[in-house]
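# A structural walkthrough
Residue strings, one per chain:
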Amino acid sequence: MLGARVQLKGWQKAAVAFGSAFGALLDPRRADLIAALGETTGKPAFERVLQRMKNSAEGRVSHAWDMPQNTFGAAYAQFMGSRNFSPDDRPPVRFMDTEELAYVATRAREVHDFWHVLFGLPTNLIGETALKVIEFEQMFLPMCMLSVVGGSARFSEKQRTLFFQHYFPWATKAGLKCTDLMSVYYEKHFHEDLEEVRRNWGILPCLSPKKSSV
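What counts as what
Along each chain, numbering runs from 1 in the same order as the chain's sequence is written. In view of the model being predicted, local features appear only for residues whose pLDDT reaches at least 70, and side-chain atom pairs are presented and counted only at 80 or more, with totals across whole chains, interfaces and linings using the full set of residues. Based on all heavy atoms of the structure, the side-chain values leave hydrogens and waters out of the count. UniProt positions are given in the numbering used here, feature names are shortened, and annotations may be inferred rather than shown by experiment. Secondary structure elements are defined from DSSP: runs of H or I of at least 4 residues count as helices, runs of E of at least 2 residues count as strands, and each element is numbered from the N terminus. In what follows, a contact means two residues having at least one pair of non-hydrogen atoms within 4.5 Å. Per-residue accessibility, obtained with a 1.4 Å probe over protein chains only, is compared with the maximum for each type, and a residue is labelled buried under 20%, exposed over 50%, and partly exposed between these values. An expected span of 1.5 Å times one less than the residue number is assigned to each helix. Pairing of aromatic rings covers Phe, Tyr and the six-membered ring of Trp, with a centre-to-centre limit of 6.5 Å; geometry is then stacked below 30 degrees between planes, edge-to-face above 60, and tilted otherwise. Put simply, a salt bridge is a Lys or Arg side-chain nitrogen that is within 4 Å of an Asp or Glu carboxyl oxygen.

## Re the UniProt feature "binding site: Zn(2+)" (unreviewed entry) in the protein
Following the UniProt record, the feature "binding site: Zn(2+)" (unreviewed entry) maps to His 112, Asp 113, His 116 and Glu 128 here. Of the residues just listed, which span 17 residues, no C-alpha pair is farther apart than 10.4 Å, and they cluster in one region. Residue placement: His 112 occurs in helix H5 (residues 99-119). Not counting chain neighbours up to four residues away, the residues in contact with His 112 comprise Arg 90, Glu 128, Leu 131, Lys 132 and Glu 135. Structurally, Asp 113 can be placed in helix H5. Those residues in contact with Asp 113 that sit more than four places away from it in its chain are Tyr 76, Phe 79, Met 80, Phe 85 and Arg 90.

See below:
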């Protein structure tokens, strides 16, 4: 996931950021462009997250699988398996200045799927856009807010109404209510009951709208 990092000068970062932003607005599904945008514009945010992770006893990485039903681990395995997702599918980090910041950027991509499970969000355009609201509140990455703008611009009128009436208010509240999710050692909690994990971390799962138009 760390890959071969590319050292860029200021003007080069600006060029990559501009090109990535333009491409991501045209096609928010381009994970590589969103990743490049996040790296070239997110250094201050990643530095703040790094300091929080260093100050936390849980900001580390390991793996755990094959957990009983009703556990966080089982829910995560089901989420990944049902979508044929792999933790290694994320684009490699290329434009961060240091190994530590590259690790933070990598971890931010890894925990994305954990957050889908915890908040109960689908992986369609509305679900991804709602999760970007939470990611912005957790990390203050400019890329996250741009993704919200780009994602909502692609909604149908019905989807846009649903998003801003149901998902956006919920995501704004949920992102502020929960704990610092970048400093959590998720894998250590795979064996715990999913609902208990949510309660302990202040997670507010997304309820299905009364009339879903997704």
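## Digging into unusual backbone geometry
Unusually for a residue other than glycine, Asn 70 sits at a positive phi of about 75°. In this fold, Asn 70 is placed in the loop between helix H3 (43-54) and helix H4 (72-82). On the basis of relative accessible area, Asn 70 is assigned to the exposed category, the value being 58%. Located in the positive-phi region is Asn 84, a residue other than glycine, with phi close to 55°.

## Quick word on H4
Among the residues making up H4, those that are buried are Phe 72, Gly 73, Ala 74, Tyr 76, Phe 79 and Met 80. Against H5 and helix H9 (194-201) lie the buried residues of H4. Of the residues one or two after H4, Asn 84 is the one with positive phi, at around 55°.

## Some thoughts on the environment of Gly 175
Take Gly 175: it is sitting in helix H8 (residues 157-177). Assessed through its relative accessible area of 3%, Gly 175 is described here as buried. C-alpha separation for the pair Gly 175 and Gln 138, spaced 37 residues apart in sequence, amounts to 6.6 Å. In contact with Gly 175, other than residues within four places in its own chain, are Ile 134, Glu 137 and Gln 138.

## Considerations on helix H7 (residues 142-153)
Given a rise of 1.5 Å per residue, 12 residues ought to cover 16 Å, and the 17 Å separating the end C-alpha atoms of H7 matches this to within 8%. For H7, the set of buried residues is Met 143, Cys 144, Ser 147, Val 148, Gly 150, Gly 151 and Ser 152.

## Some words on the environment of Phe 190
Along the chain, Phe 190 falls in the loop between H8 and H9. For Phe 190, a relative accessible area of 2% corresponds to the buried category.

## Digging into the environment of Ile 134
You can see Ile 134 is positioned in helix H6 (residues 125-139). Distance from Ile 134 to Cys 144, taken between C-alpha atoms, is 8.7 Å for residues 10 residues apart in sequence. Once residues lying within four places of it in the same chain are set aside, the contact partners of Ile 134 are Phe 119, Trp 170, Ala 171, Ala 174 and Gly 175.

## Comments concerning the packing of aromatic side chains
As enumerated under the stated definition, the model contains 16 aromatic pairs in all. Look at Tyr 76 and Phe 114: their rings are 4.6 Å apart centre to centre, the planes differ by 50°, and that puts the pair in the tilted class. In this pair, Tyr 76 is assigned in helix H4 and Phe 114 in helix H5, connecting sequence segments 38 residues apart. Grouping residues by exposure puts Tyr 76 and Phe 114 together as buried. Here Phe 119 and Trp 170 contribute two aromatic rings whose centre-to-centre distance is 5.9 Å and whose plane-to-plane angle is 75°, an arrangement assigned as edge-to-face. Remark: Trp 170 occurs in helix H8 and Phe 119 occurs in helix H5; sequence separation between them is 51 residues. Taken individually, Phe 119 and Trp 170 each receive the classification buried, so the pair is uniform in this respect.

## Side note on the pattern of salt bridges
Counted by the stated rule, this structure contains 5 salt bridges. The network of salt bridges with shared partners includes Arg 107, Glu 110 and Glu 187.

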